[in-house]
Amino acid sequence: MSQIDRVLRSNLKLRHLQMLVALDQFRHLGRASEFLSQTQPAVSKSLAEVERMFGLTLFTRSTRGTEPTPFGEAVVRFARSVLSDFARTRDEIDAVASGAAGRVSVGAMVVATPGVVAGAVERLKRQSSLTTVHLEEGDLTRLLPRLRTGELDLIVSRLEPGYAAPDLTMEPLYEEPMRIVVRPDHALATARKPRQAPWAALSRMPWVMPPPWASSRIKLNQLFYAQQLDPPSDVIESASFLVTLTFLRQRGAAAFVADNVARYLAREGLAAVLPIDIPIELPPVGLMTLRQRRPTPAAEQFMANCRAAAAAHQPKAASRKLSRASS
């Protein structure tokens, strides 16, 4: 057994892992010490002890604070993963002891939140009201690292091909088209239905768009090019529901959102959906999990409810395609 194997398997204690994660989070010995309720010399001694075990420098110290070295980044990832497994096991034991049914941590992109994620949560709560659901909204650049360190059990999102990896399992659930929305009193929303889509007017407007890596952003730009127009230049890039809604209303921006998000905004009187056909194909929405991690019972139950909610969602999407084709 190598020295590093021996350290990882036997020598590192829980307090060491908590100290490493705190140093990475705060990047400052003093603030990490306050968080851990320890003295600064005690934390410094603990770090020196861990570095001596590995025979490596894990953090560099300077007047500006502490920064993880490449070795430190690898050990911190290991520490986060172990602490996440510890917390997950603790929650499962607490749930059994209290008569509850566990906890599931879910990462969700906006494309899935109002429809399938909300439907899955509603179904789960009807089956097991004591199961705790922790939801984090974001894009894949933020959610995937948290899935890999065990802080999330699964992600519900578009299955972007660029993020496929050997350690991930991607399960497609349904297709989700895109829509263009504006605030309800916008001139494009109140005008008579034009014979042609107002792409020229849209190209001159401010927009809230998905991040550049998203398939939907790439396909939207291609729609403007197909009309011999440059894509809009006044752009705010965000995958946040609240950011989209804020600038939709404050700046009179257009936004490119999933069909179920557009219908939710329209139903609540927060936006108007422009009657423009969006003839693009996008990756399906589905579940992302770590291939080698066995799901907890609560995560299995949530995923089963996602599948049921997606099956209920898909016929509606199909009927909307048929109604457009017949009109």
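That block above? That's the structure.
Residues numbered from 1 in each chain as written. Predicted model: local features only at pLDDT ≥ 70, side-chain atom pairs only at ≥ 80, totals over all residues. Heavy atoms only, no water.

(A) Looking closely at the packing of helix H3 (residues 29-36) against helix H4 (residues 40-54). Contact pair H3 / H4: the axes reach a minimum separation of 9 Å and the direction vectors enclose 100 degrees. One way to sum up the angle between H3 and H4 is to call them roughly perpendicular. Contacts from Leu 29, Gly 30, Ser 33 and Leu 36 of H3 reach H4 at Gln 40, Val 43 and Ser 44. For the contact of H3 with H4, the class distribution of residues is three nonpolar, four polar and no charged. (Axes fitted to C-alpha atoms, helices over the stretch in contact; angles between N-to-C directions. Helix = DSSP H or I, 4+ residues; strand = E, 2+ residues; numbered from the N terminus. Parallel < 35°, antiparallel > 145°, perpendicular 65-115°, else oblique. Contact = heavy atoms within 4.5 Å. Nonpolar A, V, L, I, M, F, W, Y, C, P; charged D, E, K, R; others polar.)

(B) Representation of the packing of helix H2 (residues 14-26) against H3 in the model. Across the interface, H2 lies against H3 with an axial gap of 8 Å and an inter-helix angle of 130 degrees. Judged on the interaxial angle alone, H3 and H2 are oblique. Our pair here, H2 against H3, has a crossing hand that is right-handed. Residues Gln 18, Met 19, Ala 22, Leu 23 and Phe 26 of H2 pack against Leu 29, Arg 31, Ala 32, Phe 35 and Leu 36 of H3. Residues belonging to the contact of H2 with H3 are distributed by class as follows: eight nonpolar, one polar and one charged. (Left-handed = near helix turned anticlockwise from the far one by under 90°.)

(C) Up close: the sheet that holds strand S6 (residues 168-174). Strand order in this open sheet of five strands is S4-S3-S5-S12-S6, and the pairing throughout is mixed. With one partner strand each, in any of the chains shown, strand S4 (132-137) and S6 form the two edges of the open sheet. Put simply, the sheet's adjacent strands are angled 25 degrees from each other on average, direction ignored. In this structure, strand S3 (residues 103-108) lies alongside S4, joined through six bridges in parallel fashion. Counterpart to Val 104 in the pairing with S4 is Val 133. Its contacts with the sheet place helix H7 (residues 140-148) against S3, S4, strand S5 (154-158), S6 and strand S12 (285-290), and it is angled at close to 155 degrees to S5. (Pairing = 2+ DSSP bridges.)

(D) Quick look at the packing of aromatic side chains. The full count for this structure, using the stated rule, is five aromatic pairs. On the basis of an interplanar angle of 50 degrees and a centroid distance of 5.2 Å, the ring pair of Phe 26 and Phe 35 is categorised as tilted. With 5.3 Å between their ring centres and 70 degrees between their planes, Tyr 163 and Trp 213 make a pair best called edge-to-face. Note that Tyr 163 is positioned in the loop between S5 and S6 and Trp 213 in the loop between strand S8 (207-209) and helix H10 (215-226), a separation of 50 residues in sequence. (Phe/Tyr/Trp six-rings, centres within 6.5 Å; stacked < 30°, edge-to-face > 60°.)

(E) View of the environment of Glu 51. Along the polypeptide, Glu 51 turns up in helix H4. With relative accessibility at 11%, the residue Glu 51 sits in the buried group. C-alpha of Glu 51 to C-alpha of Arg 103: the two residues are 52 residues apart in sequence and 35 Å apart in space. Ignoring anything within four residues of it in the chain, the contact list for Glu 51 reads Leu 56, Thr 57, Leu 58, Phe 59 and Arg 61. (Buried < 20%, exposed > 50% of the residue type's maximum accessible area, 1.4 Å probe, protein only.)

(F) Structural view of H7. Those residues of H7 that sit buried are Leu 140, Leu 143, Leu 144 and Leu 147. Considered in projection along H7, the buried side chains sweep an arc of 100 degrees and stay on one side of the axis. In this fold, the buried residues of H7 make contact with S3, S4, S5, S6 and S12. Among the residues trailing H7, Gly 150 stands out with phi positive, at a value near 90 degrees. (Arc of directions from axis to C-beta.)

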